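Here's the letter readout for the chains.
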Amino acid sequence: RYNNENAMSWLIDNGCVIKTDFDTEMLRYIIDAHRRSGASDSNLAFAATDNRGKVISAYSSSVDENFAAKDMQPYSSIKPLSVYTPALENGYINYSSTFFDAPYKELTDENGNTYEWPQNGTGYFGMKNTFIPDAIKKSLNTIAVHCFRASSPEKSADFLLNTLGLNVTADV
């Protein structure tokens with residue numbers, strides 16, 4: 001049975017060459033950016049795909065678990081692509097724009113209980129104006145929803161489809 005170490009040894013010993021579309025230059029850029037970010041003590045997982053969905057680069061900074069290879073939901077990683085980038089490109093926001101960190105609306109569950117939506121991963125609402133870079137850094141769902149609704153869900157869907165090749169609907 002092979003593990004990473006003896007599989008690599010076998011490949012080298014037998015003169016094997018693996019041809020791949022993997023982009024090592026992109027990987028070096030991501031590793032360097034992570035080291036320079038000042039957050040190199042936190043875990044980072046990164047995967048880049050081409051417009052056909054083929055992985056061309058992946059990275060995980062965790063020594064305990066390979067998050068880049070783990071099958072996970074995109075969670076907050078889609079917000080910069082689906083909300084902030086289209087809003088910036090269309091002039092709806094800039095880096096000094098602010099939104100109020102509060103729920104967008106109140107919803108009722110199937111049992112008739114009301115709750116505030118969306119919730120932030122922090123577990124609380126700041127109840128103050130928050131700059132876009134701070135909202136991105138803290139991954140605030142409230143700010144993303146307020147920005148998304150203010151800028152244009154249709155423009156976000158158009159950006160995802162025509163720029164990134166992701167087929168989504170603007171039905172929100």
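The structure contained in this document is the topic of the report that follows. Everything quoted here is computed from the prediction, not taken from an experiment.

Cut-offs applied
- Residues numbered from 1 in each chain as written.
- Predicted model: local features only at pLDDT ≥ 70, side-chain atom pairs only at ≥ 80, totals over all residues.
- Heavy atoms only, no water.
- Helix = DSSP H or I, 4+ residues; strand = E, 2+ residues; numbered from the N terminus.
- Expected span 1.5 Å × (residues − 1).
- Pairing = 2+ DSSP bridges.
- Patch = residues over 30% accessible without salt bridge, like charges linked within 9 Å, V, L, I, M, F, W, Y side chains within 5 Å.
- Areas by Shrake-Rupley, 256 points an atom, 1.4 Å probe, with all protein chains shown as cover.
- Salt bridge = Lys/Arg side-chain N within 4 Å of Asp/Glu carboxyl O.
- Core = buried A, V, L, I, M, F, W, Y, C linked by side-chain atoms within 4.5 Å.
- Buried < 20%, exposed > 50% of the residue type's maximum accessible area, 1.4 Å probe, protein only.
- Contact = heavy atoms within 4.5 Å.
- Axes fitted to C-alpha atoms, helices over the stretch in contact; angles between N-to-C directions.
- Parallel < 35°, antiparallel > 145°, perpendicular 65-115°, else oblique.
- Nonpolar A, V, L, I, M, F, W, Y, C, P; charged D, E, K, R; others polar.
- Phe/Tyr/Trp six-rings, centres within 6.5 Å; stacked < 30°, edge-to-face > 60°.

Next up on the list: helix α2 (residues 24-36). Over its 13 residues, α2 extends 18 Å from the first C-alpha to the last, a length consistent with the 18 Å expected when each residue adds 1.5 Å. Among the residues trailing α2, G38 stands out with phi positive, at a value near 85°.

Each regular strand shows side chains that alternate between the opposite faces of the sheet. Two strands pair when backbone bridges link them, and strand β4 (residues 105-108) and strand β5 (residues 114-117) are joined in this way by 4 bridges, in the antiparallel orientation. Each bridged residue has a counterpart across the sheet, and for T108 the counterpart in β5 is T114. Counting the residues that bridge the hairpin from β4 to β5 gives 5 residues, and of these G112 lies at a positive phi of roughly 85°.

What follows is about a nonpolar patch on the surface. Judged by side-chain polarity, I78, L81, L166 and V168 come together as a nonpolar surface patch covering roughly 270 Å² of accessible area. Tracing the backbone shows I78 in helix α3 (residues 78-89).

The next subject is the pattern of salt bridges. Counted under the stated rule, the structure contains 1 salt bridge. Of the charged contacts in the structure, one is a salt bridge between R36 and D32, with a shortest N-O distance of 2.9 Å. With R36 and D32 both in helix α2 and 4 residues apart, this pair spans about one turn of that helix.

Once that is clear, we can look at the nonpolar core. The biggest cluster of nonpolar side chains holds 12 residues, and these are V83, Y84, A87, I93, F99, I132, A135, L140, I143, A144, C147 and F148. For this core, the elements supplying multiple residues, two or more each, are α3, α4 (132-138) and α5 (141-151). The element best represented in this core is α5, accounting for 4 residues. Once residues within four sequence positions are removed from consideration, Y84 is found in contact with K79, I93, I132, A135, I136, L140, I143, A144 and C147.

This part covers the packing of α3 against helix α6 (residues 153-162). Viewed as axis vectors pointing N to C, α3 and α6 meet at an angle of 100°, and their least axial separation amounts to 9 Å. If you check the angle between α3 and α6, you find them roughly perpendicular. Along the contact surface, α3 presents L81, S82, V83, T85, P86 and E89, while α6 presents K155, S156, F159 and L160. Its residues assigned to classes, the contact of α3 with α6 shows 5 nonpolar, 3 polar and 2 charged.

Moving on, we get to the packing of aromatic side chains. Taken as a whole, this structure holds 1 aromatic pair when the rule is applied. Aromatic pair Y104 and W117: ring centres 6.4 Å apart, planes at 80°, arrangement edge-to-face. With a gap of 13 residues between them, Y104 in the loop between β3 (98-100) and β4 and W117 in strand β5 connect regions that are remote in the sequence. The class for W117 is partly exposed, based on a relative accessible area of 32%.

Note the cis peptide between W117 and P118, where omega equals -5°. Inspection of the secondary structure puts P118 in the loop between β5 and β6 (129-131).

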